[in-house]
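Residues per chain are reported as follows:
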Amino acid sequence: MKKDKIIFYVATGLLTLLMFFSSGMYFFNYEEVAKMFDAFGYPTYIIYPYAVVKLLGLVALWFFRGKFLNEWAYAGYFFAFILAFFAHFMIGDGEQMGAIIAMILLIVSYIYSKKI
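I will try to describe carefully the structure that is included in this document. Fair warning: this is a prediction, and the values are worked out from it, not measured in the lab. (Residues numbered from 1 in each chain as written. Predicted model: local features only at pLDDT ≥ 70, side-chain atom pairs only at ≥ 80, totals over all residues. Heavy atoms only, no water.)

This paragraph deals with helix 2 (residues 30-40). For helix 2, the full list of buried residues reads Val33, Ala34, Phe37 and Phe40. The arc that holds the buried residues of helix 2, viewed along the axis, is 115 degrees, so those residues lie on one side. Exposed and facing more than 90 degrees away from the buried side of helix 2 are Glu31, Lys35 and Asp38. One or two residues past the end of helix 2 sits glycine 41, with phi positive at roughly 85 degrees. (Buried < 20%, exposed > 50% of the residue type's maximum accessible area, 1.4 Å probe, protein only. Helix = DSSP H or I, 4+ residues; strand = E, 2+ residues; numbered from the N terminus. Arc of directions from axis to C-beta.)

In structure tokens, the structure reads:
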């Protein structure tokens, strides 16, 4: 049981750091992120709301464990990471590894959240 908690907290903690870094980039490096969104064909007006939603998802992961909102946060991150992987893959910028790492951390966090 103790091992399961450690794995959950490490995976969720690393995922949290990744999401903080990502949201921070969206807030503080808007011009670079806007260029990336333009390359993907995404509208740039969703950058700030997307950063806020990423942070709200972290709140749901940490403070609503085992509840309905928590499941939606995991689902939202799952789809976001899948779409991020394919967006990077399709434009061929070689940046899809971040989405793969995030997906692995998300899956580990989800599995071990059910065990503790």
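There is more to say after this.
Before going further, it helps to examine the layout of surface pockets. Taken as a whole, the largest pocket encloses approximately 660 Å³ of empty space. Forming the walls of the largest pocket are 24 residues, and the residues nearest its centre are Ser22, Tyr26, Lys54, Ala84 and His88. Elements with a contribution of two residues or more to the lining of the largest pocket: helix 1 (2-28), helix 2, helix 3 (47-63), helix 4 (68-91) and helix 5 (97-115). Here the lining of the largest pocket is built from residues that sort into 18 nonpolar, three polar and three charged. The volume enclosed by the second largest pocket comes to roughly 210 Å³. Along its surface, the second largest pocket is lined by 14 residues, and Val53, Leu56, Gly57, Ala73 and Tyr77 are the ones closest to its centre. (1 Å grid on protein atoms, 1.4 Å probe; cavity = no way out; pocket = protein on both sides within 12 Å on 5 of 7 lines; lining within 4 Å. Points joined across faces, edges and corners; volume = space filled by probe spheres on them. Nonpolar A, V, L, I, M, F, W, Y, C, P; charged D, E, K, R; others polar.)

The next thing to look at is the environment of phenylalanine 63. With respect to the helices, strands and loops of the structure, phenylalanine 63 is situated in helix 3. We classify phenylalanine 63 as exposed; its relative accessible area is 64%. Considering only alpha carbons, one finds phenylalanine 63 and alanine 34, 29 residues apart in sequence, at a separation of 31 Å.

So, about the pattern of salt bridges. Scanning the entire structure with this criterion turns up two salt bridges. Among the ionic pairs, lysine 35 bridges to glutamate 32, the shortest N-O distance being 3.5 Å. On the criterion of helical spacing, the pair formed by lysine 35 and glutamate 32 is a turn pair, its members being three residues apart in helix 2. One salt bridge connects lysine 114 with glutamate 71, and the closest N-O pair in it is separated by 2.4 Å. Here the residue lysine 114 occupies a position in helix 5, and glutamate 71 occupies one in helix 4, the gap between them amounting to 43 residues. (Salt bridge = Lys/Arg side-chain N within 4 Å of Asp/Glu carboxyl O.)

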